[in-house]
Amino acid sequence: MSHVARRLALGMAVLPVALILLAGAALILLFAQKNLLVDLQVTRNGYASRVAYAAADSGLAVALSRLNDAAQRKTLLSETKGAGTYDTIASPVFTEILGPSVEARIKLKALGLGGPDVRLQVQSTGCVSDCAKGRATVSQTMAMRGGIHQIPVALLSARGSIDVSGPVTLSNQSPVVRGMLMHAGSAINRDDAVQRFSLPGQNPDLAEIAHDPRYAEQSVDQFFARWFGADKDFIRSTAANVTCTGECAGTVAALGSRVIWLDGNARLSNGNLGSPESPVIIIATGSLQLSGTLRLAGIVYSMAPLTTIQLVSGSIEGAVIAENALNVSQGGRLSYNPVILQRAQSHLGRFVPVPGSWSDGE
Amino acid sequence: MCNRRRERGVSLIETLIAMALGLLVLTGVLQLMNQLVDGNTATIKVTRLAQDTRTVMDIIIQDLRRAGSFPEAVNDLGDSQRFLQDQPPAPRIDGEVLKPGQPGSSISYAYRESDGKLTQGKFSLDLKAGSIQMHTGTASAPETITDPAFIHVTALSFLPSRSESRSGPVQQEQIAIEVRLVARLKSEPTVERQLVDRVVLRNPVLK
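K.L.:
Can you lay out the overall build of chain B for me, pointing to particular residues and giving the numbers?
P.N.:
Summing up its helical and strand segments, chain B has three helices and ten strands in all. Of the regular secondary structure in chain B, the N- to C-terminal order runs α-α-α-β-β-β-β-β-β-β-β-β-β. Relative to the 2.2 N^0.38 estimate, which gives 17 Å for 207 residues, the radius of gyration of chain B is 30 Å and therefore markedly larger than a compact globule would have. By residue count, 37% of the 207 residues in chain B fall in the buried class.

This is the structure we're talking about:
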């Protein structure tokens, strides 16, 4: 080898070694970057999983909110048999878009339908990017707390006495409650002008229960809880509250088909309150007078010391409950309607999550 | 003459200078490599510490979230006595009834699975080994859910808060737990990571 070649060879030896080492360093650098990329992917996956979980939980909240909204409930549950209770799930599956690439797929399953005890299992699957990047499923049972907990078995129920006089028509032709007309914790007084219609062939006297100690021995609060399944403060907090004195039919009618908590000494004497399809439940705390041409479909619960019903040509379809004494006179038609009562219980009820029923997984 | 000069070869000084320069370049490259390897190792460790603590936190949060669940709840509706009987035991911190604002280093809880089996869990920090123990079931031995050879857990705390609400005649207690986890690398105690998360127990305790 020539001298020049040897000199060149010396330089050539250092360069490849340096290049090899630099290549090694570059490889290590790339490896470090790969770790960072993997960590980034792990973080992304963790984030997607959390978003999916949050979406699934939100799906439960959305379902509950829809079930408790009168207009939206009609799109989810329906009453096809005309018995006053929800018997069919109209939309067993629906999707709620919660954000870009995030949605909750909600399934409703009936655990109890077609009776007073309505229970639904709501399963919600949270999805990120069409479930490709994140998926989580949670479920919870929702039970209905009825607009009224216990449907009255008599047309007129009072913890105190019931006095009926004049050309009043009382009718209950429901065999389920044996055509019961009046049920009182104290005396029942009526004159001969009162027209009573119970089950065909049944003596109307048998459709009355007076001096029932189960009513008489209860306090006003116990009596209230018997019907509504909770104390007054709780029911008040869940009802539509209105304060009105004097003629209040218009004010109450404006609230629509709801459970209405009415404060004040109110008189309801005209117009329509509720309808057979959309009944009302009125809970009145003050002195209450139902009179004139009022047509009411639903349930009236009165806390007045003396509840007065003086319907001249009006009517009540449903039932009346008085915490104390009840006086019905002058005229009008009062009839027990089990379908309207059932509807008042189910259509005006609210769904609540059953504690202990939340679970995750498919 | 010219050919002879060319054939004289490389002098000792030239060789030494060439070797010195070569060594200098080599030293620089090796140092760079060393730094890269060290940096990479540190990154891997920090990444793993982050991943491990996050995974442990997810396990804790996910299991606590389902505390109090029991399938009989649906059938027990309307019968508060049976409901209270079937309800799994309420969570306890350091073996005591939850006191809002009072943290502890261990939490026990329970939930019933769909097959009726009661899972009683407990997360606690074993102070001697600096690792998190997870107890599941009633008789099984605790399981270490952190790698004691790699991570030293210096703190695990559970801070409860609660709110009460009513659903009809039943009083409900909604519990939320703030979980704080501090862990450091066993090999490099200066590398530490702290995670704080909050979980709302989805099933309220009924009273």
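Anyway, onward from the coordinates.
K.L.:
Any chance you could break down a nonpolar patch on the surface for me, citing the residues and the numbers?
P.N.:
Taken together, Leu15, Leu19 and Leu22 of chain A together with Leu32 of chain B make up a surface patch of nonpolar side chains, about 360 Å² in accessible area. The leading source of residues in the nonpolar patch is helix 1 (residues 3-67) of chain A, at three residues. For Leu22 of chain A, the location among the structural elements is in helix 1.

K.L.:
Quick rundown of the sheet that holds strand 11 (residues 188-190) of chain A? Include the residues and the values.
P.N.:
Residues and elements named next belong to chain A. Strand order in the open sheet formed by seven strands is 11-8-24-22-20-17-15, and the pairing between neighbours is parallel. Strand pairing shows two members of the sheet lacking a second neighbour, strand 11 and strand 15 (246-247), which therefore form its edges. As paired elements, strand 17 (residues 266-268) and strand 20 (residues 288-292) share three bridges and run parallel to each other. Bridging from a neighbouring strand, Ala266 pairs with Leu288 of strand 20.

K.L.:
Account for the nonpolar core, with residues named and values stated.
P.N.:
One finds Leu156, Leu170, Leu268, Ile283 and Leu334 of chain A to be the most contacted residues of the largest nonpolar core, which totals 64 residues. Beyond its immediate stretch of four places on either side in the chain, Leu268 of chain A contacts Glu247, Cys248, Ala249, Val252, Leu273, Ile282, Leu288, Gln289, Leu290, Ser291 and Leu294 of chain A. Of all hydrophobic cores here, the second largest spans 33 residues; its members include Tyr109, Ile132, Val179 and Leu181 of chain B.

K.L.:
Help me get a handle on the state of the cysteines, residues and values and all.
P.N.:
All names here are of chain A. Enumeration according to the criterion identifies two disulfides over all chains in this entry. Residue Cys127 pairs covalently with Cys131 via a disulfide, S to S 1.6 Å. You'll find Cys127 and Cys131 in the same group, each marked buried. Residue pairing for Cys244: its cysteine sulfur links by disulfide to Cys248, the two sulfurs lying 2.1 Å apart. Here Cys244 and Cys248 share a disulfide; its torsion about the S-S bond, -100°, makes the bridge left-handed. Given a relative accessible area of 11%, Cys244 falls into the buried group. Taken N- to C-terminal, the disulfide-bonded cysteines of chain A are connected 1-2, 3-4.

Conventions adopted
- Residues numbered from 1 in each chain as written.
- Chains lettered and ligands numbered in written order.
- Predicted model: local features only at pLDDT ≥ 70, side-chain atom pairs only at ≥ 80, totals over all residues.
- Heavy atoms only, no water.
- Helix = DSSP H or I, 4+ residues; strand = E, 2+ residues; numbered from the N terminus.
- Rg over C-alpha atoms; globule rule 2.2 N^0.38 Å.
- Buried < 20%, exposed > 50% of the residue type's maximum accessible area, 1.4 Å probe, protein only.
- Patch = residues over 30% accessible without salt bridge, like charges linked within 9 Å, V, L, I, M, F, W, Y side chains within 5 Å.
- Areas by Shrake-Rupley, 256 points an atom, 1.4 Å probe, with all protein chains shown as cover.
- Salt bridge = Lys/Arg side-chain N within 4 Å of Asp/Glu carboxyl O.
- Pairing = 2+ DSSP bridges.
- Core = buried A, V, L, I, M, F, W, Y, C linked by side-chain atoms within 4.5 Å.
- Contact = heavy atoms within 4.5 Å.
- Disulfide = S-S within 2.5 Å.

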